[in-house]
Amino acid sequence: MALLEIRNVTRRFGDFIAVDNVSISIEAGEFFTLLGPSGCGKTTLLRMIAGFDLPDSGQILLDGKDMVDTPSEKRPIHTVFQSYALFPHMTVADNIAFPLRMAGKTSDEIKSRVREALDDVRLSNFGNRFPEELSGGQKQRVAFARGLVNRPRLLLLDEPLGALDAKLREEMQIELINLQKDMGVTFVFITHAQNEALALSHRIAVMNQGNIEQLDEPSRIYGFPRNRFVADFIGKISMINAQVLEAAPSHLKLMVAGLGEVTAPSKEGVRVGDTGVMAIRPEQVRISHHAEETELKNHFLGKVQGFLYVGDVTTYIVELPNGASIEALLPNSAPGRAKFFEAGDPVAVSWRHDAGIFLND
Amino acid sequence: MIKDSTKANHTAKWLVSGPPLLFLLVFFVAPSIIMLFTSLRFPGEFGGLAPIAAPAEAVSGEYGLTLETYQFFFSDILYAEIFLKSFGVAAASTLICLIMAYPLALLIARSEKRFRNLMVLLVVLPFASNFLIRIYAWMIILGPESVLSHFINTVLGAFGIAPVTLLFSPFAVLVGMVYVHLPFMVLPLYTNLEKHDPALLDAAQDLGADAWQRFWRVTWPLSLPGVFSGSALVFIPVLGMFAIPDILGGTGDILVGNLIKDQFLGTRDWPFGSALSIMLTLAVLAITGLAAWFAQLATRQRSVTETE
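Residues numbered from 1 in each chain as written. Chains lettered and ligands numbered in written order. Predicted model: local features only at pLDDT ≥ 70, side-chain atom pairs only at ≥ 80, totals over all residues.

This part covers the overall build of chain B. Scanning chain B for helices and strands turns up 12 helices and zero strands. Each helix and strand of chain B, placed in order from N terminus to C terminus, yields the pattern α-α-α-α-α-α-α-α-α-α-α-α. A globule of 308 residues ought to have a C-alpha radius of gyration of about 19 Å, yet chain B, at 25 Å, is considerably larger. With respect to the principal axes defined by its C-alpha atoms, chain B has extents near 85 × 85 × 45 Å. Burial analysis of chain B (308 residues in total) assigns 27% to the buried set. Across chain B, every contact between residues at least 6 apart in sequence was considered, and the portion connecting residues at least 24 apart equals 69%. (Helix = DSSP H or I, 4+ residues; strand = E, 2+ residues; numbered from the N terminus. Rg over C-alpha atoms; globule rule 2.2 N^0.38 Å. Buried ≥ 20, exposed ≤ 12 C-beta atoms within 10 Å, placed from the backbone. Contact = placed C-beta atoms within 7 Å.)

This is the structure:
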């Protein structure tokens with residue numbers, strides 16, 4: 001039985017449907033992420049799981065039990081808030097002790113559990129500090145410790161890393177993965193940062209306008225986006241208008257106007273004559289000089305339009321003869337070189353026949 | 001360069017803080033010193049003060065400086081009793097104001113933003129009419145022929161209890177004090193409560209706190225600065241108030257304020273009136289100092305679950 005089951009949950013605010021008939025089932029021990037742009041309904045869904053809000057229809061079951069009549073304070077579900085929401089008038093130790101006190105634990109047990117929790121988040125010497133005396137990362141760790149100390153069945157994390165700078169965020173991501181692994185607590189994480197979702201989660205539900213667009217493992221979400229929204233939202237991707245010429249069990253043959261035939265991996269439900277886009281990730285596109293020979297089937301000539309240097313890699317934007325542009329990514333393996341091609345250079349782009357993906361309109 | 005700019009900064013600081021400092025000097029420090037000196041002198045024969053040096057044609061009377069007024073104050077238990085009673089009335093008024101104002105302030109702070117200013121306006125609206133008129137209105141409301149008196153006495157009569165007079169009683173004084181000072185409690189409380197982060201209450205609930213625990217463990221401790229400033233704003237003026245006991249109190253309901261007023265306008269004993277004022281100021285300073293110390297203690301309580 002799934003730990004948490006969300007069954008056909010709908011939540012409306014006036015005419016606006018925040019969550020539209022969503023069903024998800026989350027297993028114990030899972031690191032599950034709700035990913036989507038702001039306003040997609042992920043926060044509303046989280047608030048309903050926490051018990052701050054109730055669905056208009058549908059059910060939320062924890063261990064098979066409907067939670068509708070259980071108020072938030074009675075649910076074995078704790079939340080790490082985006083703003084941390086640490087109690088400013090309590091020390092770090094008192095903050096962490098709060099859920100234990102509310103649960104009526106003995107003072108001996110509270111003492112030892114608080115010390116344990118402080119050790120877990122490497123803040124052993126910070127128990128007597130007040131939240132205002134901590135850095136952002138330390139506050140974040142206190143919030144984790146407070147959420148986990150009473151061993152909830154489920155920990156909800158509401159964009160907890162949003163307020164941290166990039167470097168610290170990466171550190172906290174690793175810490176979060178370890179914490180989840182060590183504690184064995186089920187995490188439901190919400191974020192709008194796709195790289196964060198990919199790095200942390202066992203499974204991701206991509207949400208948009210109250211619906212789940214795709215629910216899958218990170219590598220499948222990234223590699224096989226189900227529709228244009230998911231493809232566009234997760235990572236970088238180039239899309240070129242195309243029409244299906246041939247739909248074989250082993251491959252698809254696509255016609256790209258002004259360019260020619262493209263081979264793409266086969267996909268269920270695609271029929272000859274369908275229109276849509278051929279989508280391909282920059283790292284799957286090989287960029288080379290015109291003259292270079294290639295064994296790859298999908299091979300086109302183009303011209304470098306511009307590039308984006310970000311240190312480790314450079315992304316080249318290549319204009320194809322039909323006017324579409326495609327991005328190709330090249331690691332900067334030669335020291336000190338920011339780019340291998342100049343704007344205006346004639347180049348060839350190519351990709352494997354099993355790379356790229358056809359997405360229906 | 002750096003020196004110049006810090007110097008300019010310094011000048012600017014004095015320019016800004018100068019006028020209020022001057023105001024305090026002229027209207028607080030100087031009068032206090034005058035008051036202190038007055039309390040150390042002898043009263044004049046026909047009110048006012050006796051001259052410090054004896055006049056040439058020696059009239060009978062006392063001249064110079066003396067501690068007699070203070071001796072007089074401590075020699076009669078009556079004055080200590082009036083002080084104690086005044087502190088009692090001030091404490092009771094403060095407590096009643098707090099109990100009445102807290103839910104109101106909480107209601108305003110938690111209602112929709114667009115209604116808040118209107119509600120605050122309603123709280124301060126009574127200030128628009130004259131203070132004395134509002135007190136006289138209470139004379140009518142509490143008077144023996146008022147609807148309220150009739151109602152209360154009918155109810156009491158039904159239980160076989162003798163009728164009571166509301167006006168000219170300690171009860172009427174307390175009603176007047178609470179009525180006049182309630183906004184001074186509501187406003188600082190509201191200002192404090194309005195700043196509370198609602199996420200803290202969500203967090204408390206999420207971590208297992210029921211409604212009462214959320215109030216007692218989060219809202220109340222965070223509101224203590226507001227509670228203390230509101231209490232000071234009620235307690236101190238009530239302590240010195242003489243108009244309300246004059247109008248609504250009976251002959252026995254004399255508070256420090258009335259006593260001081262009588263020394264200046266009735267018995268014309270300026271030195272004793274000054275001595276009473278000095279004693280009152282000292283008592284207020286002692287109490288506010290104590291309250292501030294207590295506030296600091298309460299708001300920054302060190303952990304009970306020390307880790308070491």
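Bringing the overall build of chain A into the picture now. A count of helices and strands for chain A gives eight helices and 20 strands. With the C-alpha coordinates of chain A rotated into their principal frame, the extents come out at 75 × 50 × 35 Å. A buried classification covers 40% of the 361 residues belonging to chain A. Taking the contacts inside chain A whose residues are at least 6 apart along the sequence as the reference set, 64% of them involve residues at least 24 apart.

With that out of the way, let us pick up the interface of chain B and chain A. Between chain B and chain A, the residue contacts involve 21 residues of the former and 26 residues of the latter. In terms of residues, the side of chain B that touches chain A owes the most to one element, helix α8 (residues 198-206) of chain B, which gives six residues. Residues that form the side of chain B that touches chain A fall into these classes: eight nonpolar, seven polar and six charged. (Nonpolar A, V, L, I, M, F, W, Y, C, P; charged D, E, K, R; others polar.)

Here the focus is the sheet that holds strand β12 (residues 251-256) of chain A. Residues and elements named next belong to chain A. Taken together, the five strands give an open sheet; going across it, the order is β13-β12-β11-β14-β20, and neighbouring strands pair in antiparallel fashion. Looking at which strands have only one partner, the edges of the open sheet turn out to be β13 (260-265) and β20 (357-360). Direction aside, the axes of adjacent strands within the sheet are offset by 45° on average. Of the pairings in the sheet, the one linking β12 to β13 comprises six bridges and is antiparallel in character. Pairing of M255 across the sheet is with E261, part of β13. (Pairing = 2+ DSSP bridges. Axes fitted to C-alpha atoms, helices over the stretch in contact; angles between N-to-C directions.)

Before going further, it helps to spend a moment on helix α5 (residues 166-183) of chain A. Residues and elements named next belong to chain A. The end-to-end C-alpha distance of α5, which contains 18 residues, comes to 25 Å, matching closely the 26 Å that a straight helix rising 1.5 Å per residue would cover. Listed in full, the buried residues belonging to α5 are M172, L176 and Q180. The buried residues of α5 all sit within an arc of 70° when viewed along its axis, so they share a single face. Of the exposed residues in α5, those oriented more than 90 degrees away from the buried face are K167, E171, I174, N178, K181 and D182. Along its buried surface, α5 packs onto β3 (31-35), α4 (136-148), β8 (186-191) and α6 (194-200). At the exit of α5 stands G184, carrying a positive phi of roughly 70°. (Expected span 1.5 Å × (residues − 1). Arc of directions from axis to C-beta.)

Okay, the packing of helix α2 (residues 92-102) of chain A against helix α3 (residues 107-120) of chain A next. Residues and elements named next belong to chain A. Relative to each other, α2 and α3 sit at 125°, their axes nearing to 9 Å. Considering their axes alone, α2 and α3 lie oblique with respect to each other. In terms of crossing hand, the pair formed by α2 and α3 is right-handed. Contacts between α2 and α3 involve A93, I96, A97, L100 and R101 from the first element and I110, R113, V114, A117 and L118 from the second. Grouping the amino acids of the contact of α2 with α3 by side-chain chemistry returns eight nonpolar, no polar and two charged. (Parallel < 35°, antiparallel > 145°, perpendicular 65-115°, else oblique. Left-handed = near helix turned anticlockwise from the far one by under 90°.)

The next thing to look at is the sheet that holds strand β7 (residues 154-158) of chain A. All names here are of chain A. One open sheet accounts for six strands, arranged β6-β7-β8-β3-β9-β10; its pairing is mixed. Single-partner strands in this sheet number two, and they are β6 (77-80) and β10 (211-216). On average, adjacent strands in this sheet sit at an angle of 20° to one another, irrespective of strand direction. Bridge count between β6 and β7: four bridges; the pairing is parallel. Its bridge partner being in β7, T79 is matched across the sheet by L156. The strands that helix α1 (residues 42-50) touches are β3, β6, β7, β8 and β9 (203-208); relative to β7, the one it contacts most, it runs at about 150°.

All names here are of chain A. Sheet analysis places β9 next to β10, joined by five bridges and oriented antiparallel. Bridged to I204 within β10 is D216. Once β9 ends, the chain turns through two residues before running back antiparallel as β10, passing Q209 with a positive phi of about 50°.

With that settled, consider the nonpolar core. I96 and M278 of chain A are the most contacted members of the largest nonpolar core, which totals 103 residues. Top contributing element to this core by residue count: α2 of chain A, with six residues. Counting only domains with at least three residues in this core, you end up with domain 1 (4-229) and domain 2 (237-360) of chain A. In contact with M278 of chain A, other than residues within four places in its own chain, are I240, A242, L254, V256, V262, A264, G356 and F358 of chain A. C97, Y102, L142 and V238 of chain B belong to the second-largest nonpolar core, a separate cluster that totals 43 residues. (Core = buried A, V, L, I, M, F, W, Y, C linked by C-beta atoms within 7 Å. Domains from an automatic or database assignment.)

A few words now on the packing of helix α7 (residues 170-194) of chain B against helix α9 (residues 211-240) of chain B. Axis angle and axis distance: for two packed helices, these are the angle between their axes and the distance between the axes, and together they describe the pair. Residue and element names in this part refer to chain B. Put simply, α7 and α9 touch, their axes get as near as 8 Å, and they point 160° apart. By the angle class used here, α7 and α9 are roughly antiparallel. Relative to α9, α7 is oriented so that their crossing is right-handed. Only S223, P225, G226, V227, S229, G230, L233, V234, P237 and V238 of α9 make contact with α7, whose side of the interface consists of M177, H181, F184, M185, P188, L189, T191, N192 and L193. A per-class count over the contact of α7 with α9 returns 12 nonpolar, seven polar and no charged.

What follows covers the domain arrangement of chain A. Assigned domains of chain A: these are domain 1 (4-229) and domain 2 (237-360). Using C-alpha coordinates to define each centre, domain 1 of chain A is positioned 39 Å away from domain 2 of chain A.

Here the focus is unusual backbone geometry. All names here are of chain A. Even without being glycine, N21 reaches a positive phi, approximately 50°. Counting through the fold element by element, N21 comes out in strand β2 (residues 16-26). The backbone of R122 sits at a positive phi, close to 55°, despite the residue not being glycine. Look at R122 and you get exposed, because 12 C-beta atoms sit within 10 Å.

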